[in-house]
Structures are given as structure tokens and as C-alpha cells.
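Summary of structural features
Letter by letter, the chains look like this.
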Amino acid sequence: MTIRQLPDTLINQIAAGEVVERPASVVKELVENALDAGAKRIDIDLEDGGIRLIRIRDDGGGIAPEELPLAVSRHATSKIASIDDLEAVATLGFRGEALPSVASVSRFRLVSRRPDADHGAELRIEGGRHGEVVPQAHPPGTTVEVRDLFFNVPARRKFLRAERTELGHIEDWLRTLALARPDVEIRVSHNGKPSRRWKGEGNLLSEVRLHEALGEEFVRNALRVDHAGAGMRLHGWIAQPAYNRASADQQYLYVNGRSVRDRNVAHAVRQAYSDVLFHGRHPAYVLFLELDPRGVDVNVHPAKHEVRFRESRLVHDFVYRTLHAALADTRAGAAPAPAY
Ligand code: ADP
Ligand code: MG
């Protein structure tokens, strides 16, 4: 056996295996980049459930022409520069992996213009082969175009599902991202037709968006939660026990603005509901947990779906106590009337 250094394109394709599972993961990464760039409006065009085309345009801070090649290089990021930054990371991205990964498994085009620049510039990559940076007209902001996802990775392409299914996954992710950022307008079109519009509310606590995302019944049954303590803050909405679900399909948890799955917190929520919810039913909630970024490690998984809390016991107790108290009234109502 001979040991050899793998070429960059192959390294990126291997990394893509972790970050890019399907069109929805591309949409997630690109929308997160737009949000990190300070976008207030994001336009998403999809074709064939994102398999044929994902095009995302934002009005954020843009990328300078000379930095376009860097943006699509592995481990190149503007978001952290040191281990200290990593420990206190406040952006959604920080690994510098998404663009090179996506570019290595698609026909990829990046066009961007900084607000203070006269014109924009474009860089195309096909199956990892870089073109030249050329001038291109573009309003301030960035467009990323991803065509024919996995066209050069047949094993991956095989796992893509029907258009409807892939579109459903994309919509799930957009709902998750949109719930956390009602101040940003997001418009989606599919196969040339407008399919979804998240109107910008300019308000980080928008019940309008809550309504759009989870429906009227959730909102009618929602209890507003906002509690600070132990160096943390938990806010958002939890459904009264009367509104419950057959599955955990309406459980949204954000840690410092990032949507995550966390067993520890999910357990704390379940426990808070344990005496007011029928066995086998699931609570519905949209909860934002804010804490010192140094108390939470976000670098656990390439796709960043999980975090690790430094003091998970403390987090558990805080969430449990906050929600248990928030549900106190429903508990009092449910209890039998005292006999006197
Ligand atoms: P990360 O988000 O982890 O930094 P990415 O590969 O997703 O890595 O992006 C690489 C870099 O490209 C980012 O750090 C950012 O500087 C730049 N970039 C990507 N997308 C955008 C965008 N929509 N607007 C402005 N800059 C962007
Ligand atoms: Mg990113």
C-alpha cells in the first residue's frame, strides 16, 4: 500500500458527506451564511425540490472580489480567528466548510458585491474545478447558486428522494430558521412559482411568525415564557397541556440563536410537563435559551445540530424550574377543587 495525500476536491467531497446530506442541508448552510452576513431579506429559488437548483440571494455584507476564492476554500472563514473566538462564537457558522463542500458536489456559482463597491464579481466552480473571478452585475449582497446537487457523486444522488419529500425537508428547515429570525424576510419560490413568504416583522418576538409557523391553535394555547436566572435566560412559548402532540414535531429549541437537538433540555421540558400531560403525548414549544457562549460548546458536530453544555445539570434545572413554574396555573386548574 502506498500512502498518498488526497487532492483537495476529494477532501471536500469527503467533508461534504458530513455537512451536505440533501438539498435541505444546503439551504440551511446558505441561509445561515446570509444571516451571519446581516441579511434582512433572503430570496430562495428552488427547482425540483432543490435537486436541480438552489439559488439563495441575500442583501447582507457581501464578499470582496479578491476574497471569493477564499470563501470557497476549506477552513477559510471570516467568523473566527483564534481558539478564544471559537469558545465564544456568536455566529451560526465558524468551520469554513460549507461553501467548499457544497461547491465540490454541485455546479456552483457565487456572485457577491460589498455595499461600498461599484460592482460585483463572480466565481464558478464545477465539481471542484475553480474558474476565474470575473466582474458581474449584482446588487449589494450575495447570491449562491447550486445546480445539480451530487451530479458527480452517484452514490449520494441515489439517496435523494422525490421532489415533494426534498421540498418538505427544505420547508422544515426554513420554518426552524424563520422562527428564530422574524426580523428577516424570507421568500421562497419553487419551480418558478412563489411558494412561501415569511414577511419580515422587525420584531424578534413576533407572534405573527409563530402563527405562520405553528398555526393558530398553537398560538391560542401558547403561554409566554421569559425568565432569567443562574446566568441564563429562557424565553419563548410553550403550549398549555391541553394542546399536545402525538409526536415531537413541534419542539423547537434554540441555544444562543442556533437550532439544536438536546436530550438534556428535552428531558427537562418533559419533566416539567410530566404531571400535566398524558403519557405518550408530546408537548409543543418554541424556546430560546441564552447563556454565556463560553458555557456551551457548539463545535460538537460538523452539521452543528448539537451542543454540549459545560454545566448541563444547571441548565437542566433552570429549564425544568422555569417551565414548571410557567405551567403552575394549568396545574391549579387541573387539580380537583378542595373539599370545604
Ligand atoms: P463559515 O460560515 O463556517 O465561515 P462557509 O464555508 O459557510 O464557512 O463560508 C465561508 C466564508 O464565506 C464565510 O466565513 C463568509 O466570510 C463568506 N460568506 C459565505 N456566504 C456569505 C454570504 N451570504 N454573505 C457574505 N459572506 C459570505
Ligand atoms: Mg457557513
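In the nomenclature of an unreviewed UniProt entry, the chain is known as DNA mismatch repair protein MutL of Thermomonas haemolytica. A UniProt comment under Sequence similarities (unreviewed entry) is attached to the chain, and it reads "Belongs to the DNA mismatch repair MutL/HexB family."

Turning our attention to the overall build of the chain. Regarding its fold elements, the chain presents 12 helices and 16 strands. Taking 2.2 N^0.38 as the reference for a compact globule, 340 residues should give roughly 20 Å; the C-alpha atoms of the chain span a radius of gyration of 22 Å, in line with that estimate. Once local pairs closer than 6 in sequence are excluded, the contacts in the chain between residues at least 24 apart make up 68%.

Ranked by internal contacts, the top residues of the largest apolar core, which has 85 residues, are V27, V102 and Y285. The greatest single-element share of this core, amounting to 8 residues, is contributed by helix α7 (residues 163-180). Of the domains in this structure, domain 1 (8-198) and domain 2 (215-334) are the two that each give at least three residues to this core. With sequence-adjacent residues up to four places away left out, Y285 is seen in contact with G236, W237, I238, A239, Q251, Y252 and V269.

The environment of ligand 1 is formed by 21 residues, the closest being N33, A37, T77, G93 and A98. When residues of the shell around ligand 1 are traced back to their parent elements, those giving at least two are α2 (23-36) and α5 (98-104). Broken down by element, the residue count for the shell around ligand 1 peaks at 3 residues, all from α2. A breakdown of the residues in the shell around ligand 1 according to their chemical character gives 7 nonpolar, 9 polar and 5 charged.

Further remarks concern the domain arrangement of the chain. Considered domain by domain, the chain is made up of domain 1 (8-198) and domain 2 (215-334). The distance between the C-alpha centroids of domain 1 and domain 2 comes to 30 Å. In this complex, domain 1 contributes 14 residues to the contact, which on the side of domain 2 involves 12 residues. Among the elements that take part in the side of domain 1 that touches domain 2, α7 stands out by supplying 3 residues, more than any other. The class makeup of the residues in the side of domain 1 that touches domain 2 is 8 nonpolar, 2 polar and 4 charged.

Basis of the calculations
Residues numbered from 1 in each chain as written. Chains lettered and ligands numbered in written order. Predicted model: local features only at pLDDT ≥ 70, side-chain atom pairs only at ≥ 80, totals over all residues. UniProt positions renumbered as here; feature names shortened; annotations may be inferred. Helix = DSSP H or I, 4+ residues; strand = E, 2+ residues; numbered from the N terminus. Rg over C-alpha atoms; globule rule 2.2 N^0.38 Å. Contact = placed C-beta atoms within 7 Å. Core = buried A, V, L, I, M, F, W, Y, C linked by C-beta atoms within 7 Å. Buried ≥ 20, exposed ≤ 12 C-beta atoms within 10 Å, placed from the backbone. Domains from an automatic or database assignment. Near = placed C-beta within 6 Å. Nonpolar A, V, L, I, M, F, W, Y, C, P; charged D, E, K, R; others polar.

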